[in-house]
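Next come the chains, spelled out residue by residue.
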Amino acid sequence: MSPLQSDFQCHLIARLAARVAAVPVAWVGLHKDNELVLAGGVGLPERDIERLMLLTDQALGTSLAPLAVRDVCVDDRFHDSPLLMSVPILRAYLGIPLQDAAGRVYGMLAVMDGPARDFSEEQRDALQDLAMLARGLRDSTARLEQMGQLALLDTLTGLANRTQMDQALDVELRHAMRNGEPFTVLILDLDGFADIKEGFGRVAGDEVLCEVARRLREQVRLGDVLARIGDDEFGIVMRHGGEESAQVLARRIVRSVTQPIALSDGDEVGVGVSVGMAGYDDSVESVAKLLSQAEQALFEAKQENRRRWKMFVGIR
């Protein structure tokens with residue numbers, strides 16, 4: 001869950017738990033990096049709830065079953081615990097582990113009451129229902145986040161798609177306008193790809209695209225955004241990179257992509273690549289203008305590559 005969703009949902013779960021158990025204090029803790037972290041609580045200041053949560057977790061450990069303590073003041077597990085002095089006297093405890101679909105404990109739903117007492121069976125059942133609700137919310141949120149991530153990916157190559165690249169460009173442009181830091185957008189188009197699809201078929205074409213994507217990943221820097229933005233067209237948002245760095249990257253890409261590609265059926269094919277780029281400067285007012293400059297540079301690069309090819313094969 002994202003922090004905002006986690007805090008909001010867990011706070012609601014804690015508030016409902018306090019009501020159904022008729023107690024003043026309740027909380028939800030989630031395990032993160034081998035520690036229990038407060039995700040939502042009611043009844044006391046956050047600092048006091050965190051202290052209660054950590055102390056009870058340390059004293060009682062992690063259990064797969066609900067755990068009730070009638071009176072922490074006389075329970076050996078809380079002997080000499082700072083719990084009894086750090087917050088107003090809370091004596092009755094009931095904790096329900098939060099488990100995922102595989103049965104792994106990922107957190108705890110707990111309530112505490114002032115007087116020593118036993119919790120009724122109905123209250124225990126109600127808290128277990130809330131624990132199931134918490135799991136359902138967690139799973140639903142995880143699925144939504146996964147769907148959101150998939151919506152920003154190219155399904156064939158696993159690279160970012162055009163939507164994610166446009167978002168990255170918007171962020172970089174705003175940052176550059178505020179701070180003046182350079183960045184460059186590169187657009188790549190494969191030369192000869194249509195001939196491969198025509199001669200070897202769609203499956204071979206997909207293999208070529210996946211291999212080109214793999215090679216491109218090896219060339220871009222960590223933090224740059226690499227995207228497939230068309231059938232055989234790729235884009236790169238090169239953060240904190242000026243024209244000189246972009247030229248170096250483009251040369252590495254050409255050397256890598258133009259190496260022969262072995263297909264799964266044993267055939268070997270090759271593609272060329274044309275690269276157009278445009279860097280941010282004070283004249284750039286929009287993403288559309290920057291992309292237009294890169295597209296124009298790509299057009300000129302493809303024209304130059306065609307002229308070189310004609311000279312190579314002797315066509316006038």
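Residues numbered from 1 in each chain as written. Predicted model: local features only at pLDDT ≥ 70, side-chain atom pairs only at ≥ 80, totals over all residues. Heavy atoms only, no water.

(A) Geometry of the overall build of the protein chain. For the protein chain, the count of helices and strands is 9 helices and 11 strands. Across the 316 residues in the protein chain, those meeting the buried criterion constitute 42%. Residue pairs at least 24 apart in sequence account for 62% of intrachain contacts in the protein chain once pairs closer than 6 positions are excluded. Here the protein chain has roughly 17,100 Å² of accessible surface; of this, 52% comes from carbon and sulfur atoms. (Helix = DSSP H or I, 4+ residues; strand = E, 2+ residues; numbered from the N terminus. Buried < 20%, exposed > 50% of the residue type's maximum accessible area, 1.4 Å probe, protein only. Contact = heavy atoms within 4.5 Å. Areas by Shrake-Rupley, 256 points an atom, 1.4 Å probe, with all protein chains shown as cover.)

(B) Layout of the nonpolar core. Counting 29 residues, the largest nonpolar core has Leu 186, Leu 188, Leu 190, Val 208, Val 212 and Phe 234 as its most contacted members. Every element with two or more residues in this core is listed here: β6 (184–191), α6 (193–200), α7 (202–219), β8 (233–238), α8 (243–257) and β11 (272–279). If one sorts the elements of this core by residue count, α7 sits on top with 6 residues. With residues up to four places along the chain from it excluded, the contact list for Leu 190 reads Leu 209, Val 212, Asp 232, Phe 234, Val 257, Val 271, Gly 272, Val 273 and Lys 302. With 24 residues, the next largest nonpolar core counts Ile 13, Ala 14, Ala 17 and Leu 30 among its residues. (Core = buried A, V, L, I, M, F, W, Y, C linked by side-chain atoms within 4.5 Å.)

(C) Region of the structure containing the packing of α6 against α7. Two numbers describe how α6 lies on α7: the axes approach to 7 Å, and their chain directions differ by 140°. Contacts between α6 and α7 pair Phe 193, Ile 196, Lys 197 and Phe 200 from the former with Arg 202, Ala 204, Gly 205, Val 208 and Leu 209 from the latter. The residue makeup of the contact of α6 with α7, split by class, is 6 nonpolar, 1 polar and 2 charged. (Axes fitted to C-alpha atoms, helices over the stretch in contact; angles between N-to-C directions. Nonpolar A, V, L, I, M, F, W, Y, C, P; charged D, E, K, R; others polar.)

(D) Local environment of the packing of aromatic side chains. In total, this model carries 2 aromatic pairs according to the counting rule given. On the numbers, 6.0 Å between centres and 10° between planes, the contact of Phe 183 with Tyr 280 is stacked. Taken together, the positions of Phe 183 in the loop between α5 (162–179) and β6 and Tyr 280 in the loop between β11 and α9 (287–313) put the pair 97 residues apart, joining distant regions of the chain. The residues Phe 183 and Tyr 280 share a single accessibility class, namely buried. (Phe/Tyr/Trp six-rings, centres within 6.5 Å; stacked < 30°, edge-to-face > 60°.)

(E) Focus on the packing of α7 against α8. Relative to each other, α7 and α8 sit at 145°, their axes nearing to 10 Å. Handedness of the crossing formed by α7 with α8: right-handed. Here α7 contributes Val 212, Arg 215, Leu 216 and Gln 219 to the contact with α8, which in turn contributes Leu 249, Arg 252, Ile 253, Ser 256 and Val 257. Among the residues making up the contact of α7 with α8, the classes are represented as 5 nonpolar, 2 polar and 2 charged. (Left-handed = near helix turned anticlockwise from the far one by under 90°.)

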